[in-house]
Amino acid sequence: MPDDDFTAAQEPGLSVRLDATWLHGILRADQIRRDTLLSLVATWADDDTRADTVLCLDALAEAVQSPREGELDGLLGAVEDAAGMDDAEVRIDLHTALRLRAELDAAIAKLARFNPAAAIRPVLLAKVPGQPERGAA
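Worth saying up front: this structure is predicted, and the values here are computed from it rather than measured.

Bringing the pairing of strand β1 (residues 14-18) into the picture now. In terms of burial, β1 is largely enclosed, as four of its five residues are buried. Taken together, the five bridges between β1 and strand β2 (residues 25-29) define a ladder with antiparallel strand orientation. Note that in β2 the partner of Arg17 across the bridge is Ile26. Taking the residues that link successive antiparallel strands as the turn, the β1-β2 hairpin has six residues, and the phi of Trp22 there is positive, at about 60°.

Structure, rendered in structure tokens:
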């Protein structure tokens, strides 16, 4: 299991760590924020889309002051549409996936310290349909 400094020593821009109380995990994905800002700035720089983007951002800024139920989601969606934003995704390779799994496993072990049974990983592919039982000859 990785030590507490595993995340900081590897890639903090895409990582999992615990908060100070060890009650919540924190997923950090800087690439998503970077891509979002670049997408927003690209539409801002385009004369054809700037006006729509500014109108959507103004509406969102106004709503943030006193949001009504469900209003922010719709306005955020409008900004995303006006700015032509893609889904908030980050591609990861096998090495990164394994690193994140190790970070998650370490976080889960600590998050589950008061209920260890909740963190037990189910046996994957214990029995595949149509496959004989393990150990059967």
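Below, the discussion takes up the pattern of salt bridges. By the definition in use, this model includes seven salt bridges. One salt bridge in this structure joins Glu11 and Arg99, with 3.7 Å as the shortest N-O distance. Remark: Arg99 occurs in helix α5 (residues 94-111) and Glu11 occurs in the loop between α1 (6-9) and β1; sequence separation between them is 88 residues. The class for Glu11 is partly exposed, based on a relative accessible area of 36%. A residue is classified by how much of its surface remains accessible, and Arg99, at 4% relative accessible area, is buried. A salt bridge links Asp30 to Arg28; the nearest nitrogen and oxygen atoms lie 2.8 Å apart. Overlapping salt bridges bring together Glu11, Arg99 and Glu103 as one network.

Thresholds applied
Residues numbered from 1 in each chain as written. Predicted model: local features only at pLDDT ≥ 70, side-chain atom pairs only at ≥ 80, totals over all residues. Heavy atoms only, no water. Buried < 20%, exposed > 50% of the residue type's maximum accessible area, 1.4 Å probe, protein only. Helix = DSSP H or I, 4+ residues; strand = E, 2+ residues; numbered from the N terminus. Pairing = 2+ DSSP bridges. Salt bridge = Lys/Arg side-chain N within 4 Å of Asp/Glu carboxyl O.

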